Every structure is written in structure tokens, then in C-alpha cells.
Amino acid sequence: MTRKAYVALVTCFNEDETINYKATRAQVRRQVEAGNNIMCAGTNGDFSALTFEEKVRLTEEVVDEVGGRVKVIVNAGMPATFETLKLAREFDRIGVDGIAVITPFFIACTQDGLIRHFSTVADAVKTPVYLYDIPARTQNHIEPETARTLAGHGNIAGIKDSGGAKETLEAYLKVAKEVEGFEVYSGPDHLVLWALENGAAGCISGLGNAMPQVLSGILKAFNAGDTAEAEKQQATFAAFRTDLYALGFAPAMVKRALFLQDASVGASRQPALLPNKKQDDQIAEILARYSLL
């Protein structure tokens, strides 16, 4: 089985905060050239700050730019099942390779509620659905037993684990061993290689926006059986993560690092990071240290 790297692609913005689709397409090409697959409208893509119509057009633009060269997954998750369904049906129409569904946020869900939510979406589309667990952001966690139940659904193909704990990832990987065809994708960038070595189908990385070649290098080396090279690339990736994320909110740091590499990506719509010269200088120093600037 060939393991896959996905990048949780940033959404590029103009100065007036409208989406810069041209720049976004350029980022898609950059990732495709590095050998990475694409996830759009995720956490690193400012999905919670995008309108319904923007998500649909963004997905159309990304799918068109990819042109079948790599796989595309798009996040349809919203707090209400109603809007999640509407988005998922649009993405189904567009023809993506997978529809990720982040757990509902703002509201507290029971595990039975999550089962109903995900099952309802998976029932409504032909495109494979991937669960998306990131409890630090949504305050809702997909328990391993719930994942096991959902793995039995004919159109739920796997899960993206962005919890950050090896214990949870191990539990999801156990489900994958029990249910044929259920895939686990690791979100935490420091666990990419560990997850691959323990049976993950791949990873979905935010940090890969700023370091695409190293991300693809981990997967290429692993798939080729070159353990030493995979470990070397992972060490670089993990060290960059530690240095960059020490400065602030991870998605905001990734976007700012990418902005310093290429200003066409624009700022973020989120209020997590305001331009700050001292912080920009720190980020620039980190980028230079890793030969990224």
C-alpha cells in the first residue's frame, strides 16, 4: 500500500480579504509539483471564515487546477447537519476524491449524536466520507468505539486524527486493522513517520504549506523503504514545527511563514494573528535557518 501525503492547503486572500483564487491555484501547483495531495477548506484553509458560496467555488477552482494529477479532499463540516449536507452534496457534484467532515463545533454532541451526524452525511453522497477529529478546536471528540461503529458504514472511508495524542491515534489505527478499507490519516506533523510505521494510510499536514518538499520527502522515503532518509526528513519537519509553533497559534504561524515566503497568499481572515514586526523577524529567522527564505 502506497501511503499518501496531503497538505491542508491555505486559502489565499487579497488585501480586502476576498479570496485570491489565482494565488490559491499557484499554491495548488506548488504542492502538486512536490508530489503532495490536497485537502482544501480545512483548519489551515480558514474554513470557519469562508461563506458557503466561497467554499463551493474554492473547491471548483482547486479541482480544476489539480486536473486529476493528485487526490483532493474537501472539508464540509459545520455545526449543523443541515448545512454540512448542503456542502457535501455540492462537493459530491463537483467530483472530489473525498469529503472530510469535521466534528460539529460550538455545540456539545453526544456520541450517538455524532454517529447520526456522520451517517446522515455519508448516506447522502457517493463520494467517500472521512471523519475529522480535532477536539482542541471543536470541543467534540470521536471516541474510538464511535469510530469503530462508523467504520462499518459503507461510505465512511476513514478518519483524520488531529488530536495530537499517540494513544488516540493508536486506538484509531486498531479500528483500521479490524475494519478492512478504513483508513487513518495523521494530522500532527511530529507524528507523520510514527503514524506511517504503525499502519496509517498517510498524513494531512498544515506545516507542509511552508515545507512541501520535506513533507513529500518523508512519504517518498517511507514508501521506498529508506528508513534512514525518512527519519532524517521527519527530524527536520519536527524541529521546524517546534520552532515555528512556539511563536503562536499553529495555523496562523503557518500562514504567516508562507506569507513571508510569498506575499501573494495574503493574511488570514481570522483574528488570531495581526502583523507584528518582532514576530515576523522571528519567523523569518526560522525560515532562514531551514533554508526556506
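As a starting point, this report considers the structure included with it. (Residues numbered from 1 in each chain as written. Predicted model: local features only at pLDDT ≥ 70, side-chain atom pairs only at ≥ 80, totals over all residues. Heavy atoms only, no water.)

**Focus on the nonpolar core**
In step 1: Counting residues in hydrophobic clusters, the biggest one holds 68 residues, and the most contacted among them are Val-62 and Phe-182.
In step 2: Val-62 has contacts with Leu-9, Val-28, Ile-38, Cys-40 and Val-72, leaving out every residue within four places of it along the chain.
In step 3: Of all hydrophobic cores here, the second largest spans 26 residues; its members include Ala-5, Leu-193, Leu-287 and Tyr-290. (Core = buried A, V, L, I, M, F, W, Y, C linked by side-chain atoms within 4.5 Å. Buried < 20%, exposed > 50% of the residue type's maximum accessible area, 1.4 Å probe, protein only. Contact = heavy atoms within 4.5 Å.)

**Regarding the packing of aromatic side chains**
In step 1: Throughout the structure, instances matching the rule amount to four aromatic pairs.
In step 2: Here Tyr-6 and Tyr-185 contribute two aromatic rings whose centre-to-centre distance is 5.7 Å and whose plane-to-plane angle is 90 degrees, an arrangement assigned as edge-to-face. Remark: Tyr-185 occurs in strand β7 (residues 183-186) and Tyr-6 occurs in strand β1 (residues 4-8); sequence separation between them is 179 residues.
In step 3: Accessibility expressed as a relative area gives 4% for Tyr-6, which makes it buried.
In step 4: Seen from their ring centres, Phe-240 and Tyr-290 are 5.2 Å apart, and the 65 degrees between their planes marks the pair as edge-to-face. With Phe-240 in helix α10 (residues 227-245) and Tyr-290 in the segment after α12 (277-289), the pair connects residues that are 50 residues apart, well separated along the chain. This pair shows no difference in class: Phe-240 is buried, exactly as Tyr-290 is.
In step 5: A cation over a ring is seen here: Arg-57 above Tyr-21, with NZ or CZ 3.8 Å from the ring centre.
In step 6: The positively charged end of Lys-86 is found above the aromatic ring belonging to Phe-52, 5.0 Å away from the centroid. (Phe/Tyr/Trp six-rings, centres within 6.5 Å; stacked < 30°, edge-to-face > 60°. Helix = DSSP H or I, 4+ residues; strand = E, 2+ residues; numbered from the N terminus. Lys NZ or Arg CZ within 6 Å of the ring centre and 35° of its normal.)

**Here we look at the pairing of β7**
For a regular strand, side-chain orientation follows a simple rule: the groups alternate between the two sheet faces.
In step 1: Sheet topology note: the strand β6 (residues 156-161)/β7 ladder contains four bridges and is parallel. Looking at the pairing, Ile-159 lines up with Val-184 of β7.
In step 2: Chirality of the crossover, the property in question, places the unit of β6, helix α7 (residues 166-178) and β7 among those that are right-handed.
In step 3: The pairing of β7 with strand β8 (residues 202-205) spans two bridges and is classified as parallel. Counted as the bridge partner of Ser-186 is Cys-203 from β8. (Pairing = 2+ DSSP bridges. Right-handed = clockwise from strand over helix to strand, strands pointing away.)

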